[in-house]
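# A look at the structure
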Amino acid sequence: MLRDAGTAGGRTVRPGITLAAVAVVQFMVSLDLSVVNVGLPRIAAGLGFSAVGLTWVIHAYALTFGGLLLLGGKAADRYGRRRVLLSGLGLFGLASLAGGFAQEPGHLIAARAAQGVGAAALAPAALALLTATFPSGRDRVRAFGVWSATNAAGGALGVLIGGVLTEYAGWRWVMFVNLPMAAGALALAWRGVAAGPPPARGGRPDVPGAVLATAGMTLLVFGVVRTDRYPWTSPVTLMTLAVAVALLAAFVHVERTTAREPLLRPGLFANRSVSRANAYNLLVGAAMTSSFYFMSLYLQRVLGTGPALAGIEFLPFALGVVAGSVLAVKLGYRLAPRTLMVAGGLLTATGFAWFGLISPDGAFVTDVLGPSIVASVGFGLCLAPLVSTATAGVAPHETGTASGLLNSSRQIGASLGLAVLGTVAHDRTGRIATPETLTAGYALGMTIGAVLLAAAALVALTLPRRTGPPSPAGQAGGRRKETPV
């Protein structure tokens, strides 16, 4: 049972309402990553997008979201999680409203970029609030189970909701659908999320580090998402990625030497839970994002399924993730997080390997339903322990930074995975697109995804068996205390 945990900043702390607000926020952010995809053809027809320009409906969001996550996490730590959460929700809702009323391509691209800025603020702030509100025990296991279920369900249901809205209400509703969720989350957060104590501000803001990190992350995502237009070996892509790496290397140097309060303290990576969980998250993000892409195309381009029905056929995946998340809660009281992460990674890899057996004359029941259930249950099983592990042993004043880092690794993994696996699948398909060649490309992409998930399970084996809250010394110096729970 989730009880009131006292007061903070003159406001009663209500864990149940905090959990509800965070769940709505995470569902909305995850939904927005996939809800637009199915409606792209009608968006192009409605606003007059060119083939190349249409990709920026996705890229504008990915660039700002992925590039500003670290800054958003640090802002939550420095200026207060509740304040940053409310600001991010307001911006996200207004940007969604503006996008729904867009009259030309530039309007929609600008709105999607503003959505990304809002998401980069509210996603790490919400996760940091969850970590602070549920620091340990059974409530923490249950809370992260709810978070993981809404996170994955939002991504999976986004395809379904996007298809139904596009076909029966019009493409503008894939933007308007965010408004009631943003308003509901704002009301919940305003009423039940404590302001918390005044954030500790140990020094001047690390403006040079923030500029370098944001520029480096944005340029990295930019270089990756444009590989559909400029191949990996092209001078444009190589130069873009080289500059991104140089900026990120300069960021690391600044963080090690700055006299200001660093944006990302290098010692945070000495925490094995943080470093290993982010590596795991990057691999899982690369595989999962690609799987939605490949299966959506397989259903529509090979099996001839319409957008609304294709969305409905993703429903078993969403339900499987919820089932896996519930199972993770029940097992989380008895098993170490790393055990669940290993088991979940291997089970999801098994489902992806099964996906790799799809055939050009297949059907949903024989080629998609079974592997969807296996992969989704495994995915749900590992989500909650992954997030809990990535913030385990982190000092309270760094939970926003750790949350931003986790969201950032997922976004980078998603962008890299889709670009790399998409290129590999395209090369296998070749110039002539037939059901046979398309299936061969999609199957290869899913098989490589299975390999990435198996690698993630190996990373999880290197995690500490158990982690506990940071000791007072750890809070000061950022070092973790490993204890049995």
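Look a little higher up for the structure.
Criteria and cut-off values
- Residues numbered from 1 in each chain as written.
- Predicted model: local features only at pLDDT ≥ 70, side-chain atom pairs only at ≥ 80, totals over all residues.
- Heavy atoms only, no water.
- Helix = DSSP H or I, 4+ residues; strand = E, 2+ residues; numbered from the N terminus.
- Rg over C-alpha atoms; globule rule 2.2 N^0.38 Å.
- Buried < 20%, exposed > 50% of the residue type's maximum accessible area, 1.4 Å probe, protein only.
- Areas by Shrake-Rupley, 256 points an atom, 1.4 Å probe, with all protein chains shown as cover.
- Expected span 1.5 Å × (residues − 1).
- Polar contact = N/O pair within 3.5 Å; in protein donor to acceptor, adjacent residues only side chain to side chain.
- Patch = residues over 30% accessible without salt bridge, like charges linked within 9 Å, V, L, I, M, F, W, Y side chains within 5 Å.
- Salt bridge = Lys/Arg side-chain N within 4 Å of Asp/Glu carboxyl O.
- Core = buried A, V, L, I, M, F, W, Y, C linked by side-chain atoms within 4.5 Å.
- Contact = heavy atoms within 4.5 Å.
- Phe/Tyr/Trp six-rings, centres within 6.5 Å; stacked < 30°, edge-to-face > 60°.
- Lys NZ or Arg CZ within 6 Å of the ring centre and 35° of its normal.

## A few points about the overall build of the protein
- When helices and strands are tallied, the protein shows 19 helices and two strands.
- Radius of gyration (C-alpha) of the protein: 21 Å, near the 23 Å computed for a compact globule of 485 residues.
- In terms of overall dimensions, the protein has C-alpha extents of about 60 × 45 × 45 Å along its principal axes.
- Counting across all 485 residues of the protein, residues that qualify as buried make up 54%.
- Approximately 19,100 Å² of the protein is accessible, and the part contributed by carbon and sulfur atoms is 68%.

## Some thoughts on helix H12 (residues 272-302)
- A rise of 1.5 Å per residue sets the reference length of H12, with its 31 residues, at 45 Å; its end C-alpha atoms lie 44 Å apart and thus fit the reference within 8%.
- With 22 of its 31 residues buried, H12 lies for the most part within the structure.
- Sitting at the amino-terminal end of H12 is Asn271, which places a side-chain oxygen 2.9 Å from the backbone nitrogen of Ser273.
- Gly304 lies just past H12 and shows a positive phi near 75°.

## What about a nonpolar patch on the surface?
- A cluster of nonpolar side chains, contributed by Leu94, Leu97 and Phe101, occupies part of the molecular surface with about 320 Å² of accessible area.
- By the element assignment, Leu94 lies in helix H5 (residues 81-100).

## Details of the pattern of salt bridges
- One pass over the full model with this rule turns up two salt bridges.
- Between Asp32 and Arg112 there is a salt bridge, with its nearest N and O atoms 2.9 Å apart. With Asp32 in helix H1 (residues 15-34) and Arg112 in helix H6 (residues 105-133), this pair connects stretches of sequence that are 80 residues apart.
- Given the relative accessible area of 0%, Asp32 is considered buried.
- For Arg112, a relative accessible area of 1% gives the class buried.
- Two residues, Asp139 and Arg142, come together in a salt bridge whose shortest N-O distance is 2.9 Å. Here the residue Asp139 and the residue Arg142 both occupy positions in helix H7 (residues 137-168), the gap between them amounting to three residues, near one helical turn.

## Points about the nonpolar core
- Counting residues in hydrophobic clusters, the biggest one holds 98 residues, and the most contacted among them are Leu85, Leu108, Leu130, Phe352 and Phe379.
- Residue contributions to this core peak at 12 residues, all from H12.
- When sequence neighbours within four positions are dropped, the list of residues in contact with Leu85 reads Val25, Leu122, Ala125, Ala126, Leu129 and Ala189.
- Leu263, Leu264, Ala402 and Leu405 belong to the second-largest nonpolar core, a separate cluster that totals 13 residues.

## Thoughts on the environment of Glu398
- Topologically, Glu398 is positioned in the loop between helix H16 (364-390) and helix H17 (399-429).
- Relative accessible area serves as the criterion here: at 8%, Glu398 is assigned to the buried category.
- Taking the C-alpha atoms as reference, Glu398 lies 8.5 Å from Gly73; in sequence the two are 325 residues apart.

## Details of the packing of aromatic side chains
- According to the stated counting rule, one finds five aromatic pairs in the structure shown.
- Ring centres of Phe101 and Phe176 lie 5.1 Å apart, and the angle between their planes is 65°; this geometry places the pair in the edge-to-face category. You can see Phe101 sitting in the loop between H5 and H6 and its partner Phe176 sitting in helix H8 (residues 173-176), a full 75 residues away along the chain.
- Both rings, one in Trp173 and one in Phe176, keep their centres 5.3 Å apart while their planes meet at 75°; by these two values the pair is edge-to-face. Taken as a pair, Trp173 and Phe176 lie in helix H8 at a separation of three residues, close to a single helical turn.
- In this structure Phe176 comes out as buried when scored by relative accessible area, which is 12%.
- Geometry around Trp190 places Arg82 over its ring, the cationic atom sitting 5.1 Å from the centre.

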